[in-house]
Amino acid sequence: MKASKWIAALLAGMVSLVAYAETAQEAAVRKAITPRLGEEAKVESVTKTPYSGLYEVQVNGDIIYTDAKAEYLFVGRVVDTRTYQDYTKARLDEINKVTFGSLPLELAMKEVKGNGKRVIAVFEDPNCGYCKRFRRTLESVNNITVYTFMYNILSPDSVEKSRNIWCSADRTKAWDDWMLNGKVPPTASPNCVTPHDKVLELGRSMKITGTPTIIFADGSRIPGAIDAKALEAKLATIK
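Residues numbered from 1 in each chain as written. Predicted model: local features only at pLDDT ≥ 70, side-chain atom pairs only at ≥ 80, totals over all residues. Heavy atoms only, no water.

**Q** Mind laying out the pairing of strand E7 (residues 144-150), listing which residues take part and the relevant values?
**A** Two faces make up the sheet, and in a regular strand the side chains alternate between them. Within E7, 7 of the 7 residues are buried, which leaves it mostly tucked inside the rest of the structure. Burial along E7 is two-sided: Ile144, Val146, Thr148 and Met150 and Thr145, Tyr147 and Phe149, pointing in opposite directions, are all buried. Pairing of strand E5 (residues 109-113) with E7, which is carried by 5 bridges, proceeds in the antiparallel orientation. Counted as the bridge partner of Glu111 is Val146 from E7. (Buried < 20%, exposed > 50% of the residue type's maximum accessible area, 1.4 Å probe, protein only. Helix = DSSP H or I, 4+ residues; strand = E, 2+ residues; numbered from the N terminus. Pairing = 2+ DSSP bridges.)

In structure tokens, the structure reads:
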């Protein structure tokens, strides 16, 4: 399948806001706020919230808030003072959710431990210290299948390191050898083809900006390394 087709399929599977027609006021807020955010900002939606007359503005995969006249920006999180529920986090989780089955897993390295019934996908860079920490965490977790996408965004030589690992006879072992023990894999053959460009396109389409980023079977994600206790707790919530 061509890259453009599976990216389209992935985006089609992503869970976002239910399609709706903007109200006149929401459209007016969009029109007013867009030029004030700068040329790099892409306003994806504007929605009136149920709290304090604020309007939620989705821009470049993030959420900010403004007033009805788009005169002020509110950058941060909206939290309920009675329940301490973080409404901003909940909305971001909803927006960034993906259909796990739409991920092009053939572009990832696969490792099965135990019965492998629990499944995650991880975007990692070979030069990422937190990724190496998470790899150590995974050593103590059993009955899990891990799909690793080598997402080379941190250093110019990340691509070369990932290429050598991808082209190894045993990719998973070569990855663990490097991430856990610093063992350098053999230099890849010039004829070996890697999925670097496709994975980079995939990660950008999913608005993944850091490593590690962990994707769970229910489509939710956690950015950053977590310990075994937190991972087990998260996995226990997924049916």
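That was the structure; now back to the text.
**Q** Go over the sheet that holds strand E2 (residues 55-59), please, and point to the residues and values.
**A** Taken together, the 4 strands give an open sheet; going across it, the order is E1-E2-E3-E4, and neighbouring strands pair in antiparallel fashion. With partners counted over all chains shown, the strands left at the sheet margins are strand E1 (43-48) and strand E4 (73-74), one partner each. Here strand E3 (residues 62-66) pairs with E4 via 2 bridges, running antiparallel. Residue pairing across strands places Tyr65 opposite Phe74, the latter belonging to E4. Across the sheet, helix H2 (residues 24-33) lies against E1, E2, E3 and E4, angled at about 135° from E1, the strand it touches most. (Contact = heavy atoms within 4.5 Å. Axes fitted to C-alpha atoms, helices over the stretch in contact; angles between N-to-C directions.)

**Q** Please provide a residue-by-residue account of the pairing of E1, values included.
**A** Bridge count for E1 against E2 is 5 bridges, and the pairing is antiparallel. In the sheet register, Ser45 faces E2, and the bridge partner there is Gln58. Following E1, the chain reverses through 6 residues before pairing antiparallel with E2; Ser52 in that reversal takes a positive phi of roughly 55°.

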